[in-house]
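# Topology and contacts: notes
Chain by chain, the residues run as shown.
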Protein chains: 4
Amino acid sequence: VGAQLWAKDLPLDAAIHRFTVGDDPQLDLQLLSWDCAGSAAHARMLGEIGVLKSEEVQSLLVELKRLYGAALAGELVIDPRLEDGHTLIETELTAVLGETGGRIHTGRSRNDQVTLAQNLWTRDAVLRIQQALGLFAADLLRFAQNHRHTELPGYTHLQRAMPSSFAMWAAAYAEALIEEIDAGQTVLARLDHCPLGAAAGYGVPLPLQRKRVASLLGYRRVHVSPIDAIAARIRHGLAFCEWTASIAGVLERFAWDLSLYCSTEFGFIALDSAFTTGSSIMPQKRNPDVVELLRARCRQQRSYAFELAQVGSGLPSGYHRDCQLSKAPVLRAGLSIQELLDVAQRVLGAVRINETHCSGAMSAELFATEAAYVRVLAGEPFRAAYRAVGQELASGSFQRPPSKSVQASLGAPQRPGLELLQRRLLRANKAARVAAQRIDQCMQALWL
Amino acid sequence: VGAQLWAKDLPLDAAIHRFTVGDDPQLDLQLLSWDCAGSAAHARMLGEIGVLKSEEVQSLLVELKRLYGAALAGELVIDPRLEDGHTLIETELTAVLGETGGRIHTGRSRNDQVTLAQNLWTRDAVLRIQQALGLFAADLLRFAQNHRHTELPGYTHLQRAMPSSFAMWAAAYAEALIEEIDAGQTVLARLDHCPLGAAAGYGVPLPLQRKRVASLLGYRRVHVSPIDAIAARIRHGLAFCEWTASIAGVLERFAWDLSLYCSTEFGFIALDSAFTTGSSIMPQKRNPDVVELLRARCRQQRSYAFELAQVGSGLPSGYHRDCQLSKAPVLRAGLSIQELLDVAQRVLGAVRINETHCSGAMSAELFATEAAYVRVLAGEPFRAAYRAVGQELASGSFQRPPSKSVQASLGAPQRPGLELLQRRLLRANKAARVAAQRIDQCMQALWL
Amino acid sequence: VGAQLWAKDLPLDAAIHRFTVGDDPQLDLQLLSWDCAGSAAHARMLGEIGVLKSEEVQSLLVELKRLYGAALAGELVIDPRLEDGHTLIETELTAVLGETGGRIHTGRSRNDQVTLAQNLWTRDAVLRIQQALGLFAADLLRFAQNHRHTELPGYTHLQRAMPSSFAMWAAAYAEALIEEIDAGQTVLARLDHCPLGAAAGYGVPLPLQRKRVASLLGYRRVHVSPIDAIAARIRHGLAFCEWTASIAGVLERFAWDLSLYCSTEFGFIALDSAFTTGSSIMPQKRNPDVVELLRARCRQQRSYAFELAQVGSGLPSGYHRDCQLSKAPVLRAGLSIQELLDVAQRVLGAVRINETHCSGAMSAELFATEAAYVRVLAGEPFRAAYRAVGQELASGSFQRPPSKSVQASLGAPQRPGLELLQRRLLRANKAARVAAQRIDQCMQALWL
Amino acid sequence: VGAQLWAKDLPLDAAIHRFTVGDDPQLDLQLLSWDCAGSAAHARMLGEIGVLKSEEVQSLLVELKRLYGAALAGELVIDPRLEDGHTLIETELTAVLGETGGRIHTGRSRNDQVTLAQNLWTRDAVLRIQQALGLFAADLLRFAQNHRHTELPGYTHLQRAMPSSFAMWAAAYAEALIEEIDAGQTVLARLDHCPLGAAAGYGVPLPLQRKRVASLLGYRRVHVSPIDAIAARIRHGLAFCEWTASIAGVLERFAWDLSLYCSTEFGFIALDSAFTTGSSIMPQKRNPDVVELLRARCRQQRSYAFELAQVGSGLPSGYHRDCQLSKAPVLRAGLSIQELLDVAQRVLGAVRINETHCSGAMSAELFATEAAYVRVLAGEPFRAAYRAVGQELASGSFQRPPSKSVQASLGAPQRPGLELLQRRLLRANKAARVAAQRIDQCMQALWL
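What counts, and at which threshold
Residues numbered from 1 in each chain as written. Chains lettered and ligands numbered in written order. Predicted model: local features only at pLDDT ≥ 70, side-chain atom pairs only at ≥ 80, totals over all residues. Heavy atoms only, no water. pLDDT = per-residue confidence, 0-100. Contact = heavy atoms within 4.5 Å. Buried area = accessible area lost by both parts, 1.4 Å probe. Salt bridge = Lys/Arg side-chain N within 4 Å of Asp/Glu carboxyl O. Polar contact = N/O pair within 3.5 Å; in protein donor to acceptor, adjacent residues only side chain to side chain. Helix = DSSP H or I, 4+ residues; strand = E, 2+ residues; numbered from the N terminus. Nonpolar A, V, L, I, M, F, W, Y, C, P; charged D, E, K, R; others polar. Least-squares fit on C-alpha atoms with pLDDT ≥ 70 in both. Buried < 20%, exposed > 50% of the residue type's maximum accessible area, 1.4 Å probe, protein only. Expected span 1.5 Å × (residues − 1). Patch = residues over 30% accessible without salt bridge, like charges linked within 9 Å, V, L, I, M, F, W, Y side chains within 5 Å. Areas by Shrake-Rupley, 256 points an atom, 1.4 Å probe, with all protein chains shown as cover. Lys, Arg positive; Asp, Glu negative; His and termini not counted. Charge placed at Lys NZ, Arg CZ, Asp CG, Glu CD. Pairing = 2+ DSSP bridges. Disulfide = S-S within 2.5 Å.

### Concerning the confidence of the model for chain A
Here chain A shows a mean pLDDT of 92. Residues at 70 or above account for 96%. For this predicted complex, the interface score ipTM comes out at 0.95, while the overall pTM is 0.96.

### Quick notes on the interface of chain C and chain A
Residue-level contacts link 41 residues of chain C with 42 residues of chain A. Among the residues of chain C in contact with chain A, H157, E265 and P283 of chain C are the three that bury the most area, contributing 19% of the side total. On inspection of chain C and its partner chain A, the count reaches 2 salt bridges. Linking chain C with chain A are 11 residue pairs in polar contact (both at pLDDT 80 or more), by the criterion used here. Secondary structure elements with two or more residues in the side of chain C that touches chain A: strand 1 (151-156), strand 2 (159-165), helix 10 (226-261), helix 11 (289-300), helix 12 (302-311), helix 15 (368-377) and helix 16 (382-395) of chain C. No other element matches helix 16 of chain C, which puts 6 residues into the side of chain C that touches chain A. Within the side of chain C that touches chain A, the residues separate by chemical class into 19 nonpolar, 14 polar and 8 charged.

### Some thoughts on the relation of the copies chain C and chain A
The transformation that overlays chain C on chain A combines an axial shift of 0.0 Å with a rotation of 180°, and the residual RMSD is 0.0 Å. The transformation just described matches what one would write down for a two-fold rotation axis. Minimal C-alpha distance to the rotation axis in chain C is attained by G314 of chain C, lying at 1.9 Å. Most of the interface of chain C is mirrored in chain A, where 100% of its interface residues are also at the interface.

### Regarding the pattern of salt bridges
Within the structure shown, the criterion is met by 132 salt bridges over all chains. Of the charged contacts, one joins R110 of chain A and D84 of chain A as a salt bridge, the two residues approaching to 2.9 Å between their closest N and O atoms. With a gap of 26 residues between them, R110 of chain A in helix 7 (residues 110-146) and D84 of chain A in the loop between helix 4 (54-72) and helix 5 (85-97) connect regions that are remote in the sequence. Of the charged contacts, one joins R400 of chain D and E151 of chain D as a salt bridge, the two residues approaching to 3.6 Å between their closest N and O atoms. Placement of the pair is R400 of chain D in the loop between helix 16 (382-395) and helix 17 (418-445) and E151 of chain D in strand 1 (residues 151-156), with a sequence separation of 249 residues. A single salt-bridge network, built from bridges that share partners, covers E179 and E180 of chain A together with R190, D228 and R235 of chain B.

### Comments concerning the side chain of Q159 of chain A
Looking at the element boundaries, Q159 of chain A is found in strand 2 (residues 159-165). Overall, the relative accessible area of 12% leaves Q159 of chain A in the buried class. Excluding residues within four positions of it along the chain, Q159 of chain A makes contact with G154 of chain A together with C262, S263, K285, R286, N287 and P288 of chain C.

### Examining helix 5 (residues 85-97) of chain D
For helix 5 of chain D, spanning 13 residues, the distance from its first C-alpha to its last is 18 Å, which sits close to the expected 18 Å at 1.5 Å a residue. Among the residues of helix 5 of chain D, those classed as buried are G85, H86, T87, L88, I89, E90 and L93 of chain D. Buried residues in helix 5 of chain D make contact with helix 16 of chain C together with helix 3 (32-48), helix 4 (54-72), helix 6 (99-103) and helix 7 (110-146) of chain D. Taking the backbone nitrogen of H86 of chain D as reference, a side-chain oxygen 3.3 Å away marks D84 of chain D as the first, capping residue of helix 5 of chain D. Just past helix 5 of chain D, the residue G98 of chain D takes up positive phi, approximately 65°.

### Considerations on a positive patch on the surface
Residues K211 of chain A together with R415, R423 and R427 of chain B make up a contiguous surface patch of positive charge. Turning to its location among the elements, R427 of chain B is positioned in helix 17 (residues 418-445).

### Examining the interface of chain B and chain A
Opposite the 104 residues of chain B that make contact, chain A presents 104 residues. Regarding the contact of chain B and chain A, the summed buried area is about 8400 Å², with carbon and sulfur atoms giving 58% of it. At the boundary of chain B with chain A, the tally comes to 10 salt bridges. Note that R235 of chain B is salt-bridged to E179 of chain A, the shortest N-O span being 3.0 Å. Connecting chain B to chain A are 37 residue pairs in polar contact (both at pLDDT 80 or more). In terms of residues, the side of chain B that touches chain A owes the most to one element, helix 10 (residues 226-261) of chain B, which gives 16 residues. Of the residues that constitute the side of chain B that touches chain A, the class distribution is 49 nonpolar, 28 polar and 27 charged.

### Things to note about the pairing of strand 2 (residues 159-165) of chain D
All names here are of chain D. Burial analysis of strand 2 places 7 of its 7 residues in the buried class, which makes it a mostly covered element. Relative to strand 2, strand 1 runs antiparallel, the two being bridged by 6 bridges. The residue of strand 2 that forms the bridge with Y155 is R160. With antiparallel pairing between neighbouring strands as the criterion, strand 1 and strand 2 make up a hairpin whose turn holds 2 residues, including H157 at a positive phi of roughly 55°.

### Here's the deal with helix 8 (residues 166-191) of chain D
Each full turn of the α-helix corresponds to 3.6 residues, which orients residues three or four apart in the same direction. Taking 1.5 Å of rise per residue, 26 residues should cover 38 Å, and helix 8 of chain D covers 38 Å from first to last C-alpha, within 8% of that figure. Among the 26 residues in helix 8 of chain D, 23 count as buried, and that is most of the element.

### Examining unusual backbone geometry
Backbone geometry places H157 of chain A, a non-glycine residue, at a positive phi of 55°. On the secondary structure map, H157 of chain A appears in the loop between strand 1 (151-156) and strand 2.

### What about the relation of the copies chain B and chain A?
It takes a turn of 180° to lay chain B on chain A, together with a shift of 0.0 Å along the axis; the resulting RMSD is 0.0 Å. Comparing interface residues between copies, 100% of those in chain B also lie at the interface in chain A; the contact surface is shared.

### Comments concerning the state of the cysteines
For the coordinates displayed, the defined rule picks out 0 disulfides over all chains. Of all cysteine sulfurs in the structure, the one in C442 of chain C sits closest to C194 of chain C, which takes part in no disulfide; the separation is 11 Å. Residue class for C194 of chain C comes out buried when judged on its relative accessible area of 0%. No disulfide involves C241 of chain D; its sulfur sits 15 Å from the nearest other cysteine sulfur, which is in C323 of chain D. Assessed through its relative accessible area of 0%, C241 of chain D is described here as buried.

### Digging into the side chain of E307 of chain B
Relative to the assigned elements, E307 of chain B resides in helix 12 (residues 302-311). Buried within the structure, E307 of chain B lacks any salt-bridge partner; R332 of chain B is the closest side chain of opposite charge, at an N-O distance of 5.1 Å. Those residues in contact with E307 of chain B that sit more than four places away from it in its chain are P329 of chain B together with Q300 and S303 of chain C.

Set out below in structure tokens:
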């Protein structure tokens, strides 16, 4: 135990070993179950083309299923001497099954094996994130519905501009997140190319049935080119990380709004005290740290794509060990965005609106544009109406027009379009669920 | 002429004016035709809801069509005093049509107007880039077909690993680019939300028919939330820029390979002399500068998304002038990637393969894995076969196995799967073309 | 005219030519005068070691001085057929001086020539930026002095925390900028290695007097290693771009504060109307666009270092044409930060403080920490005092302690330390001026 | 135990608590000893101004010294319920010293306390990195000396260009690293502003002797502005991270060269077998994984500055919890670059030069420039000589000029300037050592 699979009895400098192993023993805990699943599909296919005997396949499936369960239950530990999780699995199989364990790597390289496990992990992460997006978007629409008539100044340039409402505010984030659910489908489409059979990047001189493995694992396409299958690990990882950063971009603005709105000066909201912290020096403070950390973590979320782009560029084709460093940013991006969505959703639940402050802020100049349009509907050209209202404002004679005179377009405070957004959300959720179910069925059938 | 639309007769510091205007007069030349198109749709809708009279709509359409043509022909110039292209168009309309020109801005803000023009420009750029991707991918598959039997070492860790071929090499890039054509569809899906009617970000107190405008401009969805419609300008721009960076990531590796392959040491290819440059000091040099610039420009392509992410973050909701700086990176990213695709395609046409060097590099150790698999097919477990071949190599007794003994899996040198990739390319091209035609028809019908 | 210096009568694809030339004809206008200076020093040294005759040196210096003046006066234009500015200069010299013009490139390659010109340009930019920093810091200290007694709430977590003042606020930016003046010295120290003589990166087989050239151009060190002299172009460019980004980070916060402070809700300041703009739809708006653009441009300023890091990495040693793309980000970073410093300084001059709003915002809880410290000075442990004041605040019995009871530490509102900062500014300015004068004298002596 | 110092008996959502605590309990292990040192200096000053009694100071120093030792020995553990390391220290002090422990936080906020600890940690990291740079640069110069006559082709555009040598190659990296030692001095100069007394960012209403604390901790300056002292945490962190990235940029190219040189095609070097790894599929492979990981980690090193720039921007002045996320990238950048320098140095020791391959690659065209200069020294203008040699090369009549005819400039293969570089290294090392010793003496005197 402990020898690298490729060792040829040569000493390896201990510091260098630690350096090359890096964080893999910890990161690979995320990948172990997916490695078992990939191995199961590979074993079944090897049986079907006669490379493995039927009883070998059966015993491998039994062991892999056991390890799969242990991995999901968090019961496996990766000794740094074993380098990574893939070695752990193969070592375990060989320990129990002897020579049969040694046959599982037939027609496979560490390169396509790792790429497959990372692809499967990422695919699963997309599905989980889509689900979290759906739940938070639903909460936002519910919040919008509940605060349909709570007016709020709309700001441009941080200056009071036109009337808005908490319904409009929450609906904005809901619509953005619905778009992100749909965007997740594309990440899935990129990932939907099974890399197994790419081996080290130049295919395998064995008559593998690559389409069969793909189908067992719920893929609709084989990644035909072995060279690109290996290269795609970076490209697919980037698409995933960038998607999580796009989601984080939405949440960042959400958090910034909350930070601003709970200042004394704006004062539109407060957070439940369980969501604020104190100061070590100032007795009076209740700080919205959670909102600020959410905001900063959202900006930090971009780092994963950045890091991945750095390690993944500057290289000719073919596998280089550089690519191994693509694993950490992908896994961390996926785990981080799930935490951020969870926190954002909890924070929304902790928002308490200060209605008095909100209505107190609805000063007359917010209605200047409405007044101009009342004139337009009465026949004035817009530029003339604009100037006339401007003069009223300057002379102090301006008054808010009666609200019954206003007919609004879709999306405006009077017509926030919540039902339309609700329908879009249901449609987006359904598409995501269909994909998830199809994949789920494949994964369950894998062990039969 | 020269007064800002919003001017209230206050002096504006000249240096500050130049600073706020920035590059808009130059960048907006790209957007002028799209601004005309957006205005045409807006005018038609205003006519339909009775805000403009039928003859006003007609005269606006005539003028807008004229300006649209002039913009496409590159005949318009934006005076910095006019600030930007939108002011130019409105100024021209007012000069010709008088008060009617002043009515075109009814129910619209500069914010949604700019967002619309940028969205339309970006949508068009996606379609053009998809087309360029399709052409280059076709060339790559043709190159692969032509060099189907040109062997080449496959490298991992820059060490000779397994047999490859120029067909495999080119097919790898083709497959990656086909994926990018499909990924373009998602960028289109994000963009497919018409922002007009968002006004300054809080909607319009007028009964605009937003769905009608959307439909006239070939959109299938209205961007319901005015707040998010304005915010989406950054998010959509990022998705576009990141897509172009993903394409560039493929081209970067392509260029790196060429750079390496035309070194004396590798020597697999040469470039047509029209594609090389000399040295100002060394008489013997013919340098592949174009390949190196292509490679560097591909890494630079990431800068657009970076710049956009910087200017677009760190802000609460609502329009801030910061957002204006999103225009340059989006336009430059689109123009740049089109140039890079064009250059890459030309460079591929200038590649001359040195067959002698290629076959000379096919040393025996490249076939070690094949030899191991010949043993596996004869019943040895893989790990045992691996060790046996390793000993043959160490003792110098290793010999390349007879090639007739090899059965390859899909993607390997013997079965590069070019036909399958060709079918996928046709399918991807067709989907892109359908989208392009639908949009094209709308844009033509707009002026009727 | 028009042939590249290295041309060997081979056709060059026109699109490829345009691609390889890129933005050089425009960017090189910045470098022309520095190229002349570098050539003058090189010519003088060649004369001293006998490679050029004395009269050749004289005629070259006369022509170079003429071109130097024309370049500074903006009278030179670079035809894209000439590729770049270095070719322009050499072409001009040859046109006037015939064979003598052809001798100027002796012992030099385009690589070290370009590196030298970029180094000289950057060195000059550092000196200019240091000067601008000094001027703005002085304005900030003057502003602080003028508003020494204008109280302002100090915020943490955007919550009112402790008393602050406009003097403290402006002094913070002054101190940060003084640090940046000093940091400029390091950029200068990095740049202070003369690259000429590195040639293409492997030195020159001629007995050049590299130290003499260095000394003529005001360098204190020769860049000994030709390989590193070429590589350093990226490293030095990065140090410069990162320094400009660090300055921009200070200005960004300055701009964010102004944006926040001129909102209705905070209302601490207004900007002169010449520094605000209107809205195309909302008659009441006066927007601080300039402050927002300043803020966004400061975040964008990071893009230059990013772009440079991308094009400059992923490569083995030796010159690659990739490096050519380092020019644009360095020049643009330098020009941009000078504009930002100028705009920030003008904006500071346009700030009008609303004293009423400021003092109105000095609510009692800002003094809670003071109250706790009054107890501490009376002997209570801090944690106990903290809890006692907390209870007073909760029960509504809290009162602001009398201000005469407060003794403050350096930097606090009562002791902002303006004189100390003023002394540090003078010292930093002096160090920068000494460097500038030494270099200036060398550059003037060059033409004698 | 376990209550936050600021707790006011309010429940805190558990998931939110975990989110706000983040990685602090792990990261703060790095900072504990520095927090003890900062507290010791603070306590001594509080004693000197009479806020603490002499015996209180003594008992605090005894406890802090014990905790300091325990921290350095890795014996402290931070329970997540305690939030962070600062709370651990204060909790321990209070447990042992009772009310006296509660007095240590007098005149201090968590903000300046954390900033101080991070500043002290970073300062120490700079000194360690400078030392590692000095050791590696010395090894490189020794390597250069040992291989002074090992010729190697010099490449530009990856094409053979001019003669080089392994001495030139190693000297290039040495010179770059010497520059980095000097650049470290600037990072130190930025850090050399003691933040203690900034409190929450607005100073302290107590007559603290800030200069005394600064001097006890080895600082030469007080950070006068409390606002900027807090903001500088980001700016100083960035300067540090960017410095480490600049070093990594040098190491990246070093690693890329090694990767290229140990390919079969170049074949200039091999690595000791202890520094190579095998393949799980290809029996013949010995891969330089360590060199590739080094290269990738060097590109990844840029991520720390990126991450820090993201979390640190987009904010008005004053402390925001966002800033807390600055800690991780700074600490990780410092630890990572030390590992990379160590690995690079070990790798250099494992390089075995293949002299036969090197001399075999010294083909005639490498000497074309030399031949042109032989003509120049005989009186031909350079451009004419350039063309004449070009014609010899084209006609096949070219011959390498006799080496005795060549006089080289400083830095060229014949005069690599190793002694000059050695002198510069000693000077840089000495400057770094002087700084280190001064600081070391202060830190030791602190506990007296």
